[in-house]
Amino acid sequence: MRLPRRPRILLPVLIAVAAFVVLILIFTGIYTDYLWYDSVDFASVFSTLLVTQILLFIVGALVMVAIVGGNMLLAYRARPMFGPGSFGSPQGADRYRLALDPHRRLVFLIGMGVLALFTGSSMAGQWKTWMLFANGTPFNAKDQQFHLDISFFMFTYPFLRMVLNFLFTAVILSIVVAAVVHYLYGGFRFQSPGGVQATRAARAHLSVLLGVFVLLKAAAYLLDRYDLVYSTRGFVDGASYTDVNAVLPAKGILAVIALICALIFFAGVVRPGGMWPGVAFGLLVLSAILIGSVYPALVEQFQVRPNQQLKEQPYIDRNIAATREAFGVGDRNVTVTQYQAEGTPEQGEVAKDSTVSGVRLLDPVLVAKTFEQQQRIRGFYDFTDPLDVDRYKDADGNVRDHVVAVRELTGPPGELNNWINRHLVYTHGYGFVAAPGNEVDSEGLPNFDAKDMPVEGSLVTSAGLKEPRVYFGEEGTDYVVVGGSADNPQELDYPKSVGSGQADTTYTGKGGVPVGGLFNRLLYAIKYGEKNLLLSGDINGNSRILYDRSPAERVAKVAPFLTLDADPYPAIVDGRIVWIIDGYTTADEYPYSQSGSYSDMIRDTATDPRAIAAQPRDDINYIRNSVKATVDAYDGTVKLYEWDATDPLLKSWEKAFPGLIQPKDRMSPQLTEHLRYPEDLFKVQRDILSRYHITDARSFYSGQDFWNVPDDPSPTETNVKQPPYYLSVKMPGAQSSSFSLTTTFVPRRGPNLAAFMAVDSTPGPGYGKLQILRMPSNTTISGPGQVQNTFTNKTAGELNILGIGKAKILYGNLLTLPFAGGLVYVEPVYVQAPAGAGQEPYPILRRVLVMFGDKVGYAGTLQEALGQVFGESPQTGQPPQQPPTGQQPTGAKPPAAESSLAAIAQQAQKAYQDAQNALSKSPPDWTAYGAAQKALKEALDQLAATRPAGAATPPPGATPGATASPGAAASPGVTASPGASASPSSSPGG
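These numbers were taken from a predicted model, which means no experiment stands behind them. (Residues numbered from 1 in each chain as written. Predicted model: local features only at pLDDT ≥ 70, side-chain atom pairs only at ≥ 80, totals over all residues. Heavy atoms only, no water.)

Considering the overall build of the protein
Here comes step 1: Helix and strand content of the protein: 28 helices and 32 strands.
Here comes step 2: The buried share of the protein, reckoned over its 990 residues, is 53%.
Here comes step 3: Across the protein, contacts joining residues at least 24 apart in sequence account for 71% of those joining residues at least 6 apart.
Here comes step 4: Accessible surface, the protein: about 43200 Å² in total, of which carbon and sulfur atoms supply 57%. (Helix = DSSP H or I, 4+ residues; strand = E, 2+ residues; numbered from the N terminus. Buried < 20%, exposed > 50% of the residue type's maximum accessible area, 1.4 Å probe, protein only. Contact = heavy atoms within 4.5 Å. Areas by Shrake-Rupley, 256 points an atom, 1.4 Å probe, with all protein chains shown as cover.)

Here you go:
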């Protein structure tokens, strides 16, 4: 039945229109990508990627179509001269052939087109494998089994495997399509009895294809020998005893057998009959089972398992050496020191060591809510949680750690969330917010030295911040159009301090793509499906569109071969806010190295699950922090610096993308000051060192000295690893403290402390050197969980009073520092008031807990808590003055011995309620609130007076082990904790 004339004309038109729309969309995507790369001055990266992928697509598609399509045409041309009737072809084959034959050219073209599309796309996706093969750099080190350069396994072997898999696919598809064509056109048929009857041409064609397949199988057996360096058969990854002594020779024997079988199949071209091909096929299968599977299994069962420790020892040695080298934890980078940890408080001079007396008090995870409430200014701003940690110089030139953040824009208020506000007005965040990590103000709040809008504070002046606007940040997920009329600015800059007005600005940076011309506006209107981009009168010749604004996203596009650290952090560099991101070169092809899940290694309580999910690869057995990247928060400029010039993997990528990565010496001095050892790399290395601190194969096999990373002791977390902490640490034997990243280990089974590890995080000669303090195995030293339990038990009474009125007690980071021959633990405690109508509670620092040996101190300030433990005043270095027996200091309240605990609790409860009543008024009565807070402090001082100086026992009536309910944020009002200047220190999320 023929279609009417009009539908027959309309169908091709619809197909043509659809094809045109698809081509327009493809062109729009490609060209706007080019415009983005050109806007960041990396058009060469775009062209290199595009050309490489197009060439791989074309070559892969053409070769696959040539092999498969050529065999299909060959089968068709080899059809019997007299048609299917030569063998009395079954009626079913005739029916299929008659239905297909009139459309065979169309079917052939469509089939080859689909095959080319899928094959080309698959090959284009292998661009990394090709680029590393084409640009591979020698490691100048050889594996211990085949004595080949490591680069063969990292670059050449994956490419050879890719080519072999491609040829296998092509030959298998050729066999299938050739068999179908021969069957449809009478080249062979099935009959019973008698088996298969085939023409000579069909038999010869299929015999050659089967012979080629078996020949490829022989090549695969030879190539599989090198795959043994990744074997998981043995006790550890890498070739085991069975692999070397059974599987390796078996692969060679199977390759020879496969070669013989291939010759037998080729003989089918001139020798009719199916006996010899059948014998070859049976020999191939039987040898693969007996030689390839059964023989290695017997060796494993009867030789290795009864003597596994002895048999596997040399191969465990290989694995230990390779793993430590691949993860950068070899003897050159790691120092292990025996540490007795038997110091006494009398040996510690806290007043002379700012490392302890000035340790960080602010927890970046907990104070994120405090930053938000104190410095968000308006509801459409926010800070990334958790906050980050960096270090800056104070007015005296001392380097101090700072909790830092940038005020980012979340978007217009809900009732104003229209296209103009979302994309033209609310375009950027504003301001850098920072507070020293080791001090709080008189209310227990962060003592900001960079704050408010416009930005002000001592840090702003000393760091020289000139451009506080943040157009590119972690919250910048949507596109914005900026840079319109300078005479009529419409971009919200910041709310004015007086009245309800706002300061507006017009973007003048070089970031983004110009959209003043009609062509670019049309392309982006198509890209985002937004007609306003084409019609809006607010977009003029100066306008630019900013998109892909997340720092990690921008670096990932510029350097798609890097694995990025999960935590970009902001810093003031040369007068501007820049994001600093660590980039890693990773692989899973390093011979003999132990492979592990990257996401599992870096997962802890401070890790953002979204960052883990965004990682391009998971299993790794090689990692290097090869690149330090920066993204300018104002104009989005991306810069990549070579950090590890010895990494062959990075050298290979530099050959593939010349000019992409700048030398390290091009970093400005101010940028170098803010670099630090990356957290994710440290997490991976601590996971490896929990086992590979053992270098003796026999001890490694027994595993009795394996360690674990302890679970986070915070009551709000269970069965999740404790994060590492940036901290100023003075290691034993060192002349001064250094900004370090620290962690602890516990035994595989047991809560005691097994080791303390720190890495120097300050760029310089010691940068990246891992130091492990190993605790004696025959003594009991409290681990983080035990210390937390001690803190909870000994402070339960006082903390329960702090938690009256449903207030929540929040424990900050439990920090560990080597000091005076022992270990000192410091933990800040925060209080968060319960949520109420119109209130958004946030945490306030109320107490500091300190433990050294078996002595515990807790007080409103770190100095007081240290004095309780070490018996001296950190400010003067003298023992605390005690009043004569029976006398009280001037102004002191009577102790609880004279005023019962219940009375103190009642007084504290009343003061707390008065504070809440003062806050509930509109506007809040701050005078009454301050008086209530003073009364609450007096009540707590009375409680402190119930115990002798230096004691740490709970007050009478306290229930041992009682804990306050954990939570997360607090209301104003807290005891003062003066901030002593100190060296840099930090916390998770930094």
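Quick word on the pairing of strand β5 (residues 388–393)
Here comes step 1: By the criterion of burial, β5 is predominantly enclosed, with five of the six residues buried.
Here comes step 2: Of the pairings in the sheet, the one linking β5 to strand β6 (residues 399–406) comprises six bridges and is antiparallel in character. What sits directly across from R391, in β6, is D401.
Here comes step 3: What sits between the antiparallel neighbours β5 and β6 is a turn of five residues, in which G397 has the positive phi angle 85°. (Pairing = 2+ DSSP bridges.)

Some thoughts on the pattern of salt bridges
If charged atoms from side chains of opposite charge come close, those side chains can pair.
Here comes step 1: Within this structure, the stated rule accounts for 26 salt bridges.
Here comes step 2: A salt bridge links R624 to E325; its shortest N-O distance comes to 3.7 Å. On the criterion of sequence distance, the pair formed by R624 in strand β21 (residues 622–632) and E325 in helix α10 (residues 308–326) is long-range, its members being 299 residues apart.
Here comes step 3: For D600, the salt bridge is made with R603, and the minimal N-O distance between the two is 2.8 Å.
Here comes step 4: When salt bridges that share partners are traced, they join D604, D680, K683 and R686 into one network. (Salt bridge = Lys/Arg side-chain N within 4 Å of Asp/Glu carboxyl O.)

As for the environment of I580
Here comes step 1: By the element assignment, I580 lies in strand β18 (residues 576–587).
Here comes step 2: Considered as a pair, I580 and D632 are 52 residues apart in the sequence and their alpha carbons are 9.0 Å apart.
Here comes step 3: With residues near it in sequence (within four places) discarded, I580 still touches P568, Y569, A571, A629, T630, L671, H674 and L675.

What to know about the sheet that holds strand β11 (residues 480–482)
Here comes step 1: One open sheet holds the three strands; their spatial order is β11-β15-β14, and the pairing between them is antiparallel. Every other strand in the sheet has two partners, leaving β11 and β14 (513–514) as the edge strands with one partner each.

A look at the nonpolar core
Here comes step 1: F432, L640, W653, F657 and L660 are the most contacted members of the largest nonpolar core, which totals 169 residues.
Here comes step 2: Looking at this core, the element that brings in the most residues is helix α6 (residues 150–184), giving 18 residues.
Here comes step 3: With 61 residues, the next largest nonpolar core counts V367, V787, L799 and V850 among its residues. (Core = buried A, V, L, I, M, F, W, Y, C linked by side-chain atoms within 4.5 Å.)

Quick look at the packing of helix α2 (residues 43–77) against helix α5 (residues 127–135)
Here comes step 1: Closest axis-to-axis distance for the α2/α5 pair is 10 Å, and the angle between their directions is 100°. On the basis of the axis angle, α2 is roughly perpendicular to α5. Contact residues: T48, L49, T52, Q53 and L56 in α2; W127, W130 and M131 in α5. (Axes fitted to C-alpha atoms, helices over the stretch in contact; angles between N-to-C directions. Parallel < 35°, antiparallel > 145°, perpendicular 65-115°, else oblique.)

Quick notes on the pairing of strand β12 (residues 491–495)
Here comes step 1: Where burial is concerned, most of β12 is hidden: five out of the five residues are buried.
Here comes step 2: Taken together, the four bridges between β12 and strand β13 (residues 502–505) define a ladder with antiparallel strand orientation. For E491, the partnering residue across the bridge sits in β13 and is T505.

Details of the packing of aromatic side chains
Here comes step 1: Tallied over the entire structure, the rule returns 50 aromatic pairs.
Here comes step 2: The interplanar angle of 65° and the centroid separation of 6.3 Å between the aromatic rings of F139 and Y590 together place this pair among those described as edge-to-face. Taken together, the positions of F139 in the loop between α5 and α6 and Y590 in the loop between β18 and β19 (596–597) put the pair 451 residues apart, joining distant regions of the chain.
Here comes step 3: Aromatic pair Y392 and F432: ring centres 6.1 Å apart, planes at 70°, arrangement edge-to-face. Here F432 lies in strand β9 (residues 432–436) and Y392 lies in strand β5, a separation of 40 residues in the sequence.
Here comes step 4: An aromatic cluster is defined as three or more aromatic residues linked by ring pairs; in this entry it consists of F27, Y31, Y34, W36, Y37, F46 and F519.
Here comes step 5: Here the basic side chain of R79 rests over the ring of Y76, its NZ or CZ set 4.0 Å away from the ring centre.
Here comes step 6: In this arrangement the basic side chain of K664 is found over the ring face of W643, its NZ or CZ atom lying 4.5 Å from the centre. (Phe/Tyr/Trp six-rings, centres within 6.5 Å; stacked < 30°, edge-to-face > 60°. Lys NZ or Arg CZ within 6 Å of the ring centre and 35° of its normal.)

Points about the side chain of S690
Here comes step 1: Mapped onto the fold, S690 is located in helix α22 (residues 679–692).
Here comes step 2: Separated by 2.5 Å, the side chain of S690 and the backbone oxygen of D687 make a polar contact.
Here comes step 3: Setting aside chain neighbours within four positions, we find S690 in contact with F706, W707 and F745. (Polar contact = N/O pair within 3.5 Å; in protein donor to acceptor, adjacent residues only side chain to side chain.)

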